[in-house]
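What the coordinates show
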Amino acid sequence: MPENVQASQASHHYIPHPHLSFHHTNPIESQIDELCSERYSETSYDGLGELSDLVEQTKGSPSVVAKAIRHHLEGDSVHAQKRALTIIEGLVEMGTPEFQRKFAEPTLVHAFQNTAENFGTDNGVRRKLMLMLLSWHRHFMRDPTMAHVSSLYGLCGGVDRVPVMPNQAKVIKPLHEHESTVDLLDDDSERVSVAGAISLASSESQALLQAMVNAREVHTNVLANEQVRVHVSNVLNSQKQLVRFIHTVNDEHYLGSLVQANDKIVDVLQRLQMAAAGGPIATHALGTEAPDRSDIITQASQRLTSISESEPTVWSNLSREVDHSLMVHSGFTSAAPSRPGLEAPERADGTEIDMAAAAHNTKQVNM
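In this report, we go over the structure that sits alongside the text. Just so we're clear, the structure is a prediction, and the values are computed from it rather than from any experiment.

Here we look at the environment of M146
By secondary structure assignment, the location of M146 is in the loop between helix 8 (123–140) and helix 9 (147–150). The spatial distance from the C-alpha of M146 to the C-alpha of W136 is 9.3 Å, given a sequence separation of 10 residues. Apart from the residues within four sequence positions on either side, M146 is in contact with Q100, R101 and F140.

Some points on the packing of aromatic side chains
Summed over all chains, the structure comprises three aromatic pairs. With a centroid separation of 5.8 Å and 20 degrees between ring planes, the pair formed by F99 and F103 is classed as stacked. Side by side, F99 and F103 carry an identical accessibility label, which is buried. Between F103 and W136 the ring centres are 5.3 Å apart and the planes differ by 75 degrees, which places this aromatic pair in the edge-to-face class. Linking F103 in the loop between helix 6 (97–102) and helix 7 (106–117) with W136 in helix 8, this pair joins segments that are 33 residues apart in sequence. An identical accessibility class is assigned to F103 and W136; each is buried. Among the aromatic residues, those joined into a cluster by ring pairs are F99, F103, F112 and W136.

Observations concerning helix 8
Taking 1.5 Å as the rise per residue, helix 8 with 18 residues should run 26 Å; its terminal C-alpha atoms sit 26 Å apart, in good agreement. Residues of helix 8 that are buried: V125, R126, K128, L129, M130, M132, L133, L134, W136, H137 and F140. Here helix 8 starts with a cap whose side-chain oxygen sits 2.8 Å from the backbone nitrogen of G124, and that cap is D122.

Some details on the environment of G287
On the secondary structure map, G287 appears in the loop between helix 13 (252–276) and helix 14 (293–306). In this structure G287 comes out as partly exposed when scored by relative accessible area, which is 34%. For the pair G287 and Q260, spaced 27 residues apart in sequence, the C-alpha to C-alpha distance is 7.1 Å. Residues contacting G287, with those up to four places away along its chain left out, are K264 and D267.

About the thresholds
Residues numbered from 1 in each chain as written. Predicted model: local features only at pLDDT ≥ 70, side-chain atom pairs only at ≥ 80, totals over all residues. Heavy atoms only, no water. Helix = DSSP H or I, 4+ residues; strand = E, 2+ residues; numbered from the N terminus. Contact = heavy atoms within 4.5 Å. Phe/Tyr/Trp six-rings, centres within 6.5 Å; stacked < 30°, edge-to-face > 60°. Buried < 20%, exposed > 50% of the residue type's maximum accessible area, 1.4 Å probe, protein only. Expected span 1.5 Å × (residues − 1). Polar contact = N/O pair within 3.5 Å; in protein donor to acceptor, adjacent residues only side chain to side chain.

If you want it as structure tokens, here you go:
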């Protein structure tokens, strides 16, 4: 063999990471192993086009991809973990609608959750995962067939955060040390107080629960009852105010009260959906028996996926709004990240993720 060829081969000799030393008979797994190697930079899309074509041509490929990605996420190579995330992100981006609907199998979802919550996870890997899930959440959140993918961000502890400019929030410190007034400028240029938002949310939540009980007493489908629908709309509107305050208030006392008020809304909306499905209406105090957040998000995503697009009704549209709220805002039940009301504009980044809150929320999901 010519010396220059030997030298070329020697310079490109690759010693695989121990985690990548498995030999697969499945070409998809073998190709993913190769793409997770040190030969490829963290964000490189080289080879993903060919892999996507292979996935499209192979029967049962979503399960194979999920298995291979999970294998590398659970390994000990940080580079392979980051590459696995780049690969699955690229495959979802390039993949067919069928692949997009089927790739998020329970085992892969479990691997995502473990990666998000594990204290041993590299911070760069965790952040890359959460940014990917956040992008899926925002991209697919209005597509009922992709609700389960959109819900992954919440299942892994993420809370969608909206940047607020300094002139949108105001904190006034009065004379008394333990009292404060926090106002938020709403869309109608009216000042809304935190206390007022909390009071309104609590009263509307209780009014909705009572309307549900009344509708059931006269044997009416809860979502078909006009009073129920009115109070559902009121509850959803009041929740928007709560969420805006949760994003801006940095007073721990108020933040805790806001989260508790949102707990009540999540609770009553979940009871509404259970009652709409024919289940009994629990009448214990709202927010006293916190529902499992993982179950809430999963059930909401399943209902969104099953809603028939061919027969839209007032009921189905309202149910979709409720489930969207449960998917997006249930994260505040466990922990609410707060943003200082006077945060500098250059730091108000819509893609920012509160990793501490994400980790805390994920642990709460899996308790």
